[in-house]
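# Coordinate analysis (summary)
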Amino acid sequence: MDFTFPIEQGTLHVEYVKKKAGAPTIVFLHDALGAVQTWRAFPERLAERTDCNYLAYDRQGHGKSSKLTQQRDLDYLEVEARVLLDLLEEFAIGRAILFGHSDGGSIALIAAAQLQNKLLGVITEAAHLFVEPLTLAGIKEAKGSYAKGKLRAKLVRYHGTKTDDLFYAWADTWLADDFKDWNIEHLLPHITCPCLAMQGKDDQFGSVKQLQSIKNTHERNTIKLLDNIGHNPHKEQPHLVLELAADFIKNLKQR
């Protein structure tokens, strides 16, 4: 079912599929330029395979949610984590598994540090824990592609008239001098649930150092560096990511 969730500066579009009472809920957190639609069929496929419910939503400025109404602050990912916590409370989701891609992975980790024992687990794809030169180079390249029009045309299909504001809010925030010191590694020791972190070897926005930071925090965490995959594992090799995520969730349900 589709829901409209009110926030201070507008509304969020939420899709919540609850087929089985008492089952865990996988909460999907899209990437910096994504939306519910950009997940394609992946949430439904993973939920069916693991016998879970699932929830996905468009963050403010994305997809079917309301437009951005103010300049993005340097702590915008922490702000989005607080919105996620409000959503979980509103929908009374107590046995959640967070599945975040890129920015969504960062948001999942930030929220998990606050939720602690209230989560079953966290799955991330290409999550950012700190800013790397590789990240900034990838964003600069994306800005060039956007200016030429091809990337913009792709994004407009999902974000409509909100596209320009969304793109430059992301790119300009990450490229700001003050953002170079952004780092959430200090939060990792506060995450008490198991984590599965995945990243493509060919990710143009982050290196294996991001994965290593997650693994080094606790021995229960699992990392997967994926061959011949870039920044979008669940799109580039959906069967592989589906298998890895499903196995991880099945083990969580047996704990």
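### A few points about the pattern of salt bridges
- Here the structure, examined in full by the defined rule, presents six salt bridges.
- Lys20 is the salt-bridge partner of Asp51, the closest N and O atoms lying 2.7 Å from each other. You can see Asp51 sitting in the loop between helix 1 (42-50) and strand 4 (53-58) and its partner Lys20 sitting in the loop between strand 2 (10-17) and strand 3 (25-29), a full 31 residues away along the chain.
- Residue Asp51 is classed as partly exposed on the basis of its relative accessible area of 39%.
- Here Lys201 ties to Asp227 by a salt bridge, and the two come within 2.6 Å at their closest N and O atoms. With Lys201 in the loop between strand 7 (195-200) and helix 7 (208-217) and Asp227 in the loop between strand 8 (222-226) and helix 8 (233-236), this residue pair connects regions lying 26 residues apart in the sequence.
- Judged by relative accessible area, which is 49%, Lys201 ranks as partly exposed.

### Brief notes about the state of the cysteines
- Tallied over the full model, the rule gives zero disulfides.
- Between Cys52, a free cysteine, and Cys193, which holds the nearest cysteine sulfur, the sulfur-to-sulfur gap is 14 Å.
- For Cys52, a relative accessible area of 9% gives the class buried.
- Of all cysteine sulfurs, the one in Cys195 lies closest to Cys193, which takes part in no disulfide; the gap is 5.0 Å.
- The buried category is assigned to Cys193, whose relative accessible area is 3%.

### Points about the nonpolar core
- Counting 59 residues, the largest nonpolar core has Leu84, Leu109, Val122, Phe167, Trp170 and Trp174 as its most contacted members.
- Apart from residues lying up to four places away in sequence, Leu84 is in contact with Val27, Leu29, Tyr57, Leu98, Ile107 and Ala111.
- Residues Ala56, Met198, Leu226 and Leu252 belong to the second largest nonpolar core, which totals 27 residues.

### Some words on the environment of His30
- Inspection of the secondary structure assignment puts His30 in the loop between strand 3 and helix 1.
- Distance from His30 to Gly144, taken between C-alpha atoms, is 23 Å for residues 114 residues apart in sequence.
- Not counting residues within four places of it along the chain, the set of residues in contact with His30 comprises Ala35, Val36, Trp39, Tyr57, Asp58, Arg59, His62, His101, Asp103 and Gly104.

### Considering the layout of surface pockets
- For the largest pocket, the calculated volume is near 640 Å³.
- Lining the largest pocket are 26 residues; nearest its centre among them are Leu33, Leu151, Lys154, Phe205 and Asn232.
- Along the lines of polarity and charge, the residues of the lining of the largest pocket split into ten nonpolar, eleven polar and five charged.
- The calculated volume of the second largest pocket comes to roughly 490 Å³.
- In this structure, the second largest pocket is lined by 21 residues; those nearest its centre are Gln9, Gln60, Gln70, Val79 and Glu80.
- Looking at the lining of the second largest pocket, the elements that each hand over two or more residues are strand 1 (2-7) and helix 2 (76-90).

### What about unusual backbone geometry?
- Despite not being glycine, Asp51 has its phi angle at roughly 60 degrees, a positive value.
- Of note, the phi angle at Ala92 is positive, near 50 degrees, even though the residue is not glycine.
- By the element assignment, Ala92 lies in the loop between helix 2 and strand 5 (96-101).

### Description of helix 3 (residues 103-115)
- In this model, helix 3 (13 residues) spans 18 Å end to end at C-alpha, consistent with the 18 Å of a helix rising 1.5 Å per residue.
- Most of helix 3 is tucked away, with twelve of its 13 residues classed as buried.
- Every buried residue of helix 3 is listed here: Asp103, Gly104, Gly105, Ser106, Ile107, Ala108, Leu109, Ile110, Ala111, Ala112, Ala113 and Leu115.
- The secondary structure elements touched by the buried residues of helix 3 are strand 3, helix 2, strand 5, strand 6 (119-125), helix 6 (163-175) and helix 7.

### Structural notes on the packing of helix 1 against helix 9 (residues 238-253)
- Relative orientation of the contacting elements helix 1 and helix 9 amounts to 40 degrees, with a least axis distance of 9 Å. By the criterion of interaxial angle, the relationship of helix 1 to helix 9 is oblique. For helix 1 against helix 9, the interelement crossing comes out right-handed. In this structure, helix 1 uses Phe42, Arg45, Leu46, Arg49 and Thr50 to contact helix 9, whose residues at the interface are Pro238, His239, Val241, Leu242, Glu243, Ala245, Ala246, Ile249, Lys250 and Lys253.

Basis of the calculations
Along each chain, numbering runs from 1 in the same order as the chain's sequence is written. For this predicted model, a pLDDT threshold of at least 70 governs which residues receive local features, and a threshold of 80 or more governs which side-chain atom pairs are given and counted, while totals over whole chains, interfaces and linings are taken from all residues. Here the side-chain values reflect all heavy atoms present in the structure, with hydrogen atoms and water set aside. What makes a salt bridge here is a side-chain nitrogen of Lys or Arg within 4 Å of a carboxyl oxygen of Asp or Glu, nothing more. Helix and strand assignments follow DSSP, with helices taken as H or I runs no shorter than four residues and strands as E runs no shorter than two, numbered in order from the N terminus. Exposure categories follow from relative accessible area, calculated using a 1.4 Å probe and restricted to protein chains: below 20% of the type maximum is buried, above 50% is exposed, and the middle band is partly exposed. Throughout, disulfides are identified as pairs of cysteine sulfur atoms within 2.5 Å of each other. For this analysis, a nonpolar core means a set of buried residues of the types Ala, Val, Leu, Ile, Met, Phe, Trp, Tyr and Cys, connected via side-chain atoms within 4.5 Å. Every residue pair with non-hydrogen atoms within 4.5 Å of one another is taken to be in contact. Lining residues are those with an atom within 4 Å of a point, where the points come from a 1 Å grid over the protein atoms alone and group into cavities, where a 1.4 Å probe fits but cannot get out, or pockets, open sets with protein on both sides within 12 Å along at least five of seven lines. Grid points are joined across faces, edges and corners, and a volume is the space filled by probe spheres set on the points. Polar here means any residue other than Ala, Val, Leu, Ile, Met, Phe, Trp, Tyr, Cys and Pro, which are nonpolar, and Asp, Glu, Lys and Arg, which are charged; Gly is therefore polar. In a helix, the anticipated span is given by 1.5 Å times the number of residues less one. Orientation is described by lines fitted to C-alpha atoms, with helices fitted over the stretch in contact, and by angles between N-to-C directions that extend from 0 to 180 degrees. Throughout this description, any angle smaller than 35 degrees is read as roughly parallel, any larger than 145 degrees as roughly antiparallel, any in the 65 to 115 degree range as roughly perpendicular, and the remainder as oblique. Left-handed describes a crossing in which the near helix is turned anticlockwise from the far one by less than a right angle; the clockwise case is right-handed.

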